[in-house]
Amino acid sequence: MKEIKDVAVIGLGYIGLPTAAVLAANGLNVIGVDVKETNVEAINRGEVPFVEPDLGAQVAAAVNQGMLKATTETPTADAYIVAVPTPFNEDKTADLSYIEAAARGIAAQLIGDELIILESTSPPGATRHLGEYLTELRPDLSLDPESGLPLIHVAHCPERVLPGRVMIELVTNDRIIGGLTPVASGRARDLYSVFCKGGMHLTDATTAEMAKLVENSYRDVNIAFANELSVISDKLDIDVWELIELANHHPRVNILQPGPGVGGHCIAVDPWFIVASAPEDAKLIRQARETNDAKPLWVLDRVEQLSAGKPSPKIAALGLAFKANIDDLRESPAVSIVADLSTRMPEAAIAVVEPHVVELPRSLADRSNVDLVATEKALADADIVLLLVDHDKFKALDRTLLEGKQVVDTRGIWR
Ligand code: SAJ
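Owing to the predicted nature of the structure, the values given are computational and were not obtained by experimental measurement. (Residues numbered from 1 in each chain as written. Predicted model: local features only at pLDDT ≥ 70, side-chain atom pairs only at ≥ 80, totals over all residues. Heavy atoms only, no water.)

### A few points about helix H9 (residues 240–247)
Residues of H9 that are buried: Val-240, Trp-241 and Ile-244. The buried side chains of H9 occupy one side of the element, clustering within an arc of 100° when seen end-on. The elements touched by buried residues of H9 are helix H8 (205–236) and strand E13 (406–409). (Buried < 20%, exposed > 50% of the residue type's maximum accessible area, 1.4 Å probe, protein only. Helix = DSSP H or I, 4+ residues; strand = E, 2+ residues; numbered from the N terminus. Arc of directions from axis to C-beta. Contact = heavy atoms within 4.5 Å.)

Here it is as structure tokens:
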């Protein structure tokens, strides 16, 4: 059995790069692979192309010690970790094209006995598809003629780290490991044991795929419940945050928090993979998605109601990130709310405050009624203050700045 010394990590994004850094810090020789040349160059200078606490220091140290290198070409390695995106298609089915592209790069390098781990969040059956695709590309490695066992070892080990706490959770979280064969599971467990202090839970690949999707759907359903409560509470004129806090005093109740909608590239996406695999049965999971997706429209309606009668309302929109204290704007409900406001209310002036970015995202940048401004200026000019993200900076805001303003606090931080 091949000893794992060289690991190739395919996809140097929010998961691949931290995993590459942590493996390198634990003595493995890591080659990171990414299609984006500017990112590869940045990493080879010891720089990190996005914000994640502690990641920069670990990448710089690993590069300086010669344990981590980045490249655009897949190298030969003893183990491959695939951490590429799995977005969804128009019809909400998973787009596996990035996984297949990674597989093509890997297939050309295989000599046999390699471990191939799929970390990307995947719909049920994707790992089996990866294994079959690899053996289609390399039929010589499909089965050992003597043992009848596959000559490559494929497993799914979904990542479950929380953005903002990635470097901690990579080490401390339990891992679910689902091999296509028990040998693959065992070898994947050995590799993760190099840095992971959490428990290792071995299962089959499809159960591992579903476990990851179920975790995020569980959270989505809980947040949808909170968002539905926020709409009901508004009608009944009660404070939803007080309501939830009181209910959560019950020892077996733990309701999450309402907000302007659910963002990010995980919770707002993964439940659809379950829906796509069982459309007739995944009723609650689909409804939760729809409830959370409808929440930004409810927020828009609120702002429009408050603006009625004002010929050119001035709106301060606080926060663009998909959640607190990060710079990640992907699938952010705050961004879509600001874009829709700007379209629906061309007469309004929208002053956006986002302390974690230096420029507006492309979807907002060319809008004449949207500007990125400092907090104090946005608040001084505003008729309506729309709080979209619970950044610490906004929590600490001097409340006298809100006096005389109409406030829509979607996160309940200024109650
Ligand atoms: N949100 C609420 N109310 C809440 C909690 C979150 O509205 O009470 C919103 C956030 O504002 C954000 C969205 O939900 O827009 C998602 O944020 P999150 O913190 O719940 O989750 P992510 O997307 O940052 O990370 C999740 C995590 N999954 C779970 O907690 C089950 C993380 O562990 C996963 O690794 C990650 O998805 C992933 O990569 O799948």
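Still to come is the rest of the account.
### Quick notes on the site of the ligand
Near the ligand you find 20 residues, and of these Glu-159, Val-161, Lys-212, Arg-219 and Phe-322 are the closest. One nitrogen or oxygen atom from the side chain of Glu-159 is found 2.6 Å from an oxygen atom belonging to the ligand. In this structure, Phe-322 approaches the ligand through a main-chain N or O atom, which is 2.7 Å from an oxygen atom. Relative to its free-state accessible area of 770 Å², the ligand is covered by the protein chains to the extent of 89%. Partitioned by chemical class, the residues of the shell around the ligand number nine nonpolar, three polar and eight charged. Counting only domains with at least three residues in the shell around the ligand, you end up with domain 1 (6–198) and domain 2 (215–409). (Near = heavy atom within 4 Å. Polar contact = N/O pair within 3.5 Å; in protein donor to acceptor, adjacent residues only side chain to side chain. Areas by Shrake-Rupley, 256 points an atom, 1.4 Å probe, with all protein chains shown as cover. Nonpolar A, V, L, I, M, F, W, Y, C, P; charged D, E, K, R; others polar. Domains from an automatic or database assignment.)

### A short note on the domain arrangement of the chain
Looking at the chain, the domain boundaries give domain 1 (6–198) and domain 2 (215–409). Each of domain 1 and domain 2 has a C-alpha centre, and the two are 34 Å apart. Facing the 16 residues of domain 1 at the interface are 13 residues of domain 2. Overall, the association of domain 1 and domain 2 removes approximately 1200 Å² of surface from exposure, summing both partners, and the carbon and sulfur fraction of that is 65%. Linking domain 1 to domain 2 there are one salt bridge. At the junction of domain 1 and domain 2, the tally comes to one residue pair in polar contact (both at pLDDT 80 or more). Looking at the side of domain 1 that touches domain 2 residue by residue, the class counts come to ten nonpolar, four polar and two charged. (Buried area = accessible area lost by both parts, 1.4 Å probe. Salt bridge = Lys/Arg side-chain N within 4 Å of Asp/Glu carboxyl O.)

### Focus: the side chain of Ser-217
If you trace the backbone, Ser-217 turns up in helix H8. Discounting residues that sit within four places of it in the chain, Ser-217 has contacts with Pro-271, Ile-274 and Ile-285.

### Focus: the packing of aromatic side chains
Summed over all chains, the structure comprises two aromatic pairs. Ring geometry for Tyr-14 and Phe-50: centres 4.4 Å apart, planes at 25°, overall stacked. In this pair, Tyr-14 is assigned in the loop between strand E1 (6–10) and helix H1 (16–25) and Phe-50 in the loop between helix H2 (37–44) and helix H3 (55–64), connecting sequence segments 36 residues apart. You can call Phe-50 buried: its relative accessible area is 13%. Relative to Phe-195, the ring of Tyr-192 has its centre 5.9 Å away and its plane inclined at 70°; by these criteria the two rings are edge-to-face. (Phe/Tyr/Trp six-rings, centres within 6.5 Å; stacked < 30°, edge-to-face > 60°.)

### Here's the deal with the pattern of salt bridges
Summed over all chains, the structure comprises 16 salt bridges. One salt bridge connects Arg-138 with Asp-140, and the closest N-O pair in it is separated by 2.8 Å. Look at Arg-138 and you get buried, because its relative accessible area is 17%. Here Asp-140 falls in the partly exposed class, since its relative accessible area comes to 48%. Arg-344 is the salt-bridge partner of Glu-304, the closest N and O atoms lying 2.7 Å from each other. In this pair, Glu-304 sits in helix H11 (residues 283–307) while Arg-344 sits in helix H12 (residues 333–344), placing the two residues 40 residues apart along the sequence. Look at the salt bridges and you will find they share partners, linking Asp-220, Arg-289 and Asp-293 into a network.

### Regarding the nonpolar core
Ranked by size, the top nonpolar core spans 40 residues in total, and within it Val-7, Leu-23, Leu-68 and Leu-191 carry the most contacts. With six residues, H1 is the single largest residue contributor to this core. Core analysis: the second largest hydrophobic core is formed by 31 residues, Val-82, Leu-96, Leu-110 and Tyr-133 among them. (Core = buried A, V, L, I, M, F, W, Y, C linked by side-chain atoms within 4.5 Å.)

### Some remarks on the sheet that holds strand E9 (residues 314–318)
Strands sit in the order E11-E10-E9-E12-E13 across an open sheet of five strands; the sheet is parallel. The sheet terminates laterally at strand E11 (370–372) and E13, the two strands that pair on one side only. Between one strand axis and the next, the sheet turns through 20° on average, direction left out of account. As paired strands, E9 and strand E12 (residues 384–387) are joined by four bridges and run parallel to one another. (Pairing = 2+ DSSP bridges. Axes fitted to C-alpha atoms, helices over the stretch in contact; angles between N-to-C directions.)

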